[in-house]
Amino acid sequence: MNKQVCEGTTIYYADEGKGDNVIVLLHGFCGSSAYWDDVIPLLSPHYRCIVPDLRGHGQSDAPKGAYSMEEMADDVLNLLQALDIAKASLFGHSMGGYIALSAVQRHPERFNAFGLIHSTAHEDTEEGKEKRLKAVSTIETEGITAFVDGMVPGLFAPQHLDSMADKVIKAKELGYATPPQGAVGAALAMRSRPDRRDVLTAAPLPVLLAAGEHDQVVPAARTFTADKPNIRQSVIGGAGHMSMMEAPRELAEVIKGFLVFAAV
Ligand code: MLT
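Residue indices begin from 1 for each chain and proceed along its sequence in written order. Since the coordinates come from a predicted model, pLDDT governs what is reported: local features require at least 70, and pairs of side-chain atoms require 80 or more to be given and counted, while whole-chain, interface and lining totals use all residues. Side-chain metrics in this entry use all non-hydrogen atoms of the structure; hydrogen atoms and water are not considered.

Asker: Would you mind showing me how to read the nonpolar core here?
Answerer: Most often, soluble globular proteins keep nonpolar side chains buried together rather than apart. Within this scheme, the nonpolar core is defined by two criteria: the residues are buried Ala, Val, Leu, Ile, Met, Phe, Trp, Tyr or Cys, and they are joined through side-chain atoms within 4.5 Å. Only protein chains enter the accessibility calculation, which uses a 1.4 Å probe. A residue is then buried if its area is under 20% of the maximum for its type, exposed if over 50%, and partly exposed in between. Core analysis: the biggest nonpolar cluster contains 92 residues, and F29, W36, M95 and F114 have the highest contact counts within it. Residues are treated as being in contact if the distance between any of their heavy atoms lies within 4.5 Å. When residues no more than four places from it in sequence are discounted, the contact partners of M95 are H27, G28, F29, L54, H57, M69, M72, A186 and M190.

Asker: What is the right way to look at the sheet that holds strand β2 (residues 9-16) in this model?
Answerer: For sheets, the rule is that strands pair by backbone hydrogen bonds, running either parallel or antiparallel. At least two DSSP bridges between two strands are needed for those strands to be called paired. Under the DSSP-based scheme used, a helix requires at least four consecutive residues in state H or I and a strand at least two consecutive residues in state E, with every element numbered from the N terminus. Spatially, eight strands are ordered β1-β2-β4-β3-β5-β6-β7-β8 in an open sheet, and the strand pairing comes out mixed. Sheet topology places β1 (2-6) and β8 (231-236) at the edges, where each strand pairs with a single neighbour. Each neighbouring strand pair of the sheet contributes to a mean axis angle of 25°, computed without reference to strand direction. Here three bridges tie strand β3 (residues 22-26) to strand β4 (residues 48-52), and the two strands are oriented parallel to one another. Along β4, the bridge assignment pairs I23 with C49. Note on definitions: angles span 0 to 180 degrees between N-to-C directions of axes, and those axes are lines fitted to C-alpha atoms, for helices only across the stretch in contact. Contacts from helix α2 (residues 69-82) reach β1, β2, β3, β4, β5 (88-93) and β6 (111-117), with the element oriented near 110° to β1.

Asker: What exactly am I supposed to notice about the packing of helix α4 (residues 126-142) against helix α5 (residues 144-151) here?
Answerer: The axes of two packed helices give the description: the angle between them and the distance between them. Running from N to C, α4 and α5 point in directions that differ by 135°, and their axes come no closer than 6 Å. Classed by the angle they form, the pair α4 and α5 counts as oblique. Here α4 contributes A135, T138, I139 and E142 to the contact with α5, which in turn contributes I144, A146 and F147. For this scheme, ten residues count as nonpolar: Ala, Val, Leu, Ile, Met, Phe, Trp, Tyr, Cys and Pro. Four count as charged, namely Asp, Glu, Lys and Arg, and the remainder, Gly too, count as polar. Across the contact of α4 with α5, the residue classes break down as five nonpolar, one polar and one charged. Here roughly perpendicular refers to angles of 65 to 115 degrees, roughly parallel to angles under 35, roughly antiparallel to angles over 145, and oblique to all remaining angles.

Asker: Help me understand the site of the ligand, please; the structure alone is not making it clear to me.
Answerer: Taken together, G28, F29, S94, M95, Y98, R132, M190, V217 and H241 are the residues near the ligand. Residues adjacent in sequence count toward polar contacts only when both atoms are side-chain atoms; beyond that, a polar contact is any pair of N or O atoms within 3.5 Å, and within protein one must be able to donate a hydrogen and the other to accept it. S94 places a polar side-chain atom, nitrogen or oxygen, 3.1 Å from an oxygen atom of the ligand. At a separation of 2.8 Å, an oxygen atom of the ligand approaches a polar side-chain atom of R132. In isolation the ligand exposes 270 Å². Once the protein is present, 90% of that is buried. Taken together, the residues of the shell around the ligand break down into five nonpolar, three polar and one charged. Any residue with a heavy atom lying within 4 Å of a molecule or strand is counted as near it. Computed by Shrake-Rupley with a 1.4 Å probe, the accessible areas treat only the displayed protein chains as cover when residues are assessed.

Asker: What's the story with the packing of aromatic side chains in this structure? I'm lost.
Answerer: Ring pairs are drawn from Phe, Tyr and Trp, using the six-membered ring of Trp, whenever the two centres fall within 6.5 Å, and their geometry is named by plane angle: stacked under 30 degrees, edge-to-face over 60, tilted for the rest. For the structure shown, the criterion picks out three aromatic pairs. Seen from their ring centres, F29 and F147 are 6.0 Å apart, and the 70° between their planes marks the pair as edge-to-face. You can see F29 sitting in the loop between β3 and α1 (40-43) and its partner F147 sitting in helix α5, a full 118 residues away along the chain. Among the residues examined, F147 registers a relative accessible area of 12% and is labelled buried. Ring geometry for F91 and F258: centres 5.9 Å apart, planes at 85°, overall edge-to-face. Separated by 167 residues along the polypeptide, F91 in strand β5 and F258 in helix α12 (residues 248-261) bring together distant segments of the chain.

Asker: Please explain the side chain of D124 as it appears in this structure.
Answerer: In this fold, D124 is placed in the loop between β6 and α4. In this structure the side chain of D124 is engaged in a polar contact, spanning 2.7 Å, whose partner is the side chain of R132. In this structure the side chain of D124 is engaged in a polar contact, spanning 2.8 Å, whose partner is the side chain of R193. Apart from the residues within four sequence positions on either side, D124 is in contact with K129, R132, M190, R191, R193 and R222.

Asker: What should I look at first to understand helix α7 (residues 165-176) in this one?
Answerer: Side chains of residues three or four places apart in an α-helix project in the same direction, reflecting 3.6 residues per turn. Each residue after the first adds 1.5 Å to the expected span of a helix. Given a rise of 1.5 Å per residue, 12 residues ought to cover 16 Å, and the 16 Å separating the end C-alpha atoms of α7 matches this to within 8%. Three or more residues of α7 are buried, namely V168, A171, L174 and G175. In a view along the axis of α7, the buried residues occupy a sector of 125°, so they form one face of it. Of the exposed residues in α7, those oriented more than 90 degrees away from the buried face are D166 and E173. The secondary structure elements touched by the buried residues of α7 are α5, α6 (160-163) and α11 (243-246). In this context, the arc is that of the directions from the helix axis out to the C-beta atoms.

Asker: Teacher, can you tell me more about helix α8 (residues 180-191) here?
Answerer: Taking 1.5 Å as the rise per residue, α8 with 12 residues should run 16 Å; its terminal C-alpha atoms sit 17 Å apart, in good agreement. Taken together, the buried positions of α8 are occupied by G182, A183, V184, G185, A186, A187, A189 and M190. Those residues of α8 that are buried are in contact with α2, α3 (95-106), α4 and α5.

Asker: Where do I start with the packing of α4 against α8 in this structure?
Answerer: Two elements in contact, α4 and α8, have axes separated by 9 Å at closest approach and are oriented at 170°. Considering their axes alone, α4 and α8 lie roughly antiparallel with respect to each other. Facing K129, R132, L133, V136, I139 and E140 of α4, the residues of α8 in contact are P180, A183, V184, A187, L188, M190 and R191. Among the residues forming the contact of α4 with α8, the class breakdown is nine nonpolar, no polar and four charged.

So, in C-alpha cells, the structure goes:
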C-alpha cells in the first residue's frame, strides 16, 4: 500500500497498472481497498487502478465525529491531485457510490465517466435513517465485531453464504479491522447525504449503474433509473451486494464494456 497525506488526512491506497487511463475504485461501508482484490488484476492490465482506503476505513485516518460525503469525496479528489491525475473514471461500491456522486456533482471536470456499483443516488428513507442510528448504537455498545457479524451475511446472495464461505470470512475480517469511530463517522455521513438523482443526468458524463440480481441491501430498483442516452444499466447475475467478491470477472467485464461505451 502507498501512503499520501492530503490536507492533513493520511490516506492509504493501492496503485496498480500503468498509463494515462486511470480508474478509481471506492469500497463500501466497513470495507477497505481489499474489497477490490479480485477485480484489480483483471483491470490493471488495461488501466491504472487507484484504490484508496476511505477515511475511517482500512489503514487510513479515522478521526472521531460525524463525517460527510463531501469530506470523504474531498479525500479522493485531493489524493488524485497529489498524484497529478487530472482526469479519471470513478467507480464506487455502495457507500463508495455515494462518495462518487458528491465528487462528480462538485467536480465533473475531474472525471471522464463514473459508475455506481450496488449503490443508489437516492437519499436514505426515514426508516433507513433510523437504522443508521441503531448501527451507531450497536457499534458503540456492543463493538465493531458484533456489528459486522450482524451485517456481513446480508451483503452476500443467500446461496453464496456457504459456497463462498471464504469470501464471507474475508468481508468479516475487513469489517472487524474498521476503526469503530470510522464506522460511526461514515454511518452518520450516509445518514445525512442528500438525494443526488439529478447528478446522474446533470453531470455531462457517461454513467454506469450496476446492480446485483440478489442484492438485499440496495435492490436493483433503487440503483436503476429511467433510460437516458448517457446511462448504461447492468445486472450482475447471481450476485448479491458484493459482486467484486461474488462475481469479479462479470463485474470487470461490465466495467470494461462500459468504458468502451463511454469512449474512455
Ligand atoms: C455499503 O455496503 O457501503 C452499505 O451497505 C451501504 C448502505 O448501508 O447504504
